[in-house]
Amino acid sequence: MATNLSIDPELMELALKVGGEKTKAATVTKALQEFIAHRRQNAMLDLAGRLEWDSQYDYKRDKSRR
């Protein structure tokens, strides 16, 4: 999908150097992938301490029921 973006040239140049990608498109794609991964990790971390832990749960036993 072709998309026109107005990106700060200095920021793009720095991203190209830091990211190690050869093209601007590859740099933007990698940045978006890392952004999404970071957000997903943060969402998982936000769950820490909010879920109830069942110390009696035995996944091996439940797995053998199938």
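Residues numbered from 1 in each chain as written. Predicted model: local features only at pLDDT ≥ 70, side-chain atom pairs only at ≥ 80, totals over all residues. Heavy atoms only, no water.

Peer 1: Summarise the overall build of the chain; cite the residues concerned and give the values.
Peer 2: Within the chain one finds 3 helices and 0 strands. Along the chain, from the amino end to the carboxyl end, the secondary structure elements read α-α-α. A compact globule built from 66 residues should have a C-alpha radius of gyration of about 11 Å, whereas the chain, at 21 Å, is more than 25% larger. Overall size of the chain, expressed as C-alpha extent along the three principal axes, is 55 × 30 × 20 Å. Residues classed as buried in the chain amount to 5% of the 66 residues present. Taken as a whole, the chain presents about 6,800 Å² of accessible surface, with 55% of it coming from carbon and sulfur. Side-chain charges of the chain comprise 12 positive and 10 negative groups, with the mean position of each set lying 7 Å from the other. (Helix = DSSP H or I, 4+ residues; strand = E, 2+ residues; numbered from the N terminus. Rg over C-alpha atoms; globule rule 2.2 N^0.38 Å. Buried < 20%, exposed > 50% of the residue type's maximum accessible area, 1.4 Å probe, protein only. Areas by Shrake-Rupley, 256 points an atom, 1.4 Å probe, with all protein chains shown as cover. Lys, Arg positive; Asp, Glu negative; His and termini not counted. Charge placed at Lys NZ, Arg CZ, Asp CG, Glu CD.)

Peer 1: Hey, could you go over the packing of helix H1 (residues 9–19) against helix H2 (residues 24–47) for me, with residue numbers and the actual values?
Peer 2: H2 packs onto H1 with a crossing angle of 80 degrees between their chain directions and a minimal axis gap of 10 Å. Considering their axes alone, H1 and H2 lie roughly perpendicular with respect to each other. In this structure, H1 contributes Met12, Ala15, Leu16 and Gly19 to the contact, and H2 contributes Lys24, Thr27, Val28 and Lys30. Considering only residue class, the contact of H1 with H2 consists of 4 nonpolar, 2 polar and 2 charged. (Axes fitted to C-alpha atoms, helices over the stretch in contact; angles between N-to-C directions. Parallel < 35°, antiparallel > 145°, perpendicular 65-115°, else oblique. Contact = heavy atoms within 4.5 Å. Nonpolar A, V, L, I, M, F, W, Y, C, P; charged D, E, K, R; others polar.)

Peer 1: Describe H2, naming the residues involved and giving the relevant values.
Peer 2: Within an α-helix, residues lying three or four positions from one another point in the same direction, as the helix has 3.6 residues per turn. Compared with the 34 Å implied by 1.5 Å per residue over 24 residues, the 35 Å span of H2 between its first and last C-alpha is a close match. Following H2 by one or two positions, Gly49 adopts a phi angle in the positive range, close to 85 degrees. (Expected span 1.5 Å × (residues − 1).)

Peer 1: Can you break down the confidence of the model for the chain residue by residue, with the values?
Peer 2: For the chain, mean pLDDT is 90; residues scoring 70 or higher make up 95% of the total. Ranking the elements of the chain by mean pLDDT puts helix H3 (residues 59–63) last with 79 and H1 first with 96. (pLDDT = per-residue confidence, 0-100.)

Peer 1: Can you explain a nonpolar patch on the surface? Please cite residues and give values.
Peer 2: A contiguous nonpolar surface patch, about 290 Å² in accessible area, is contributed by Leu5, Ile7 and Leu11. Positionally, Ile7 belongs in the segment before H1. Assessed through its relative accessible area of 35%, Ile7 is described here as partly exposed. (Patch = residues over 30% accessible without salt bridge, like charges linked within 9 Å, V, L, I, M, F, W, Y side chains within 5 Å. Salt bridge = Lys/Arg side-chain N within 4 Å of Asp/Glu carboxyl O.)

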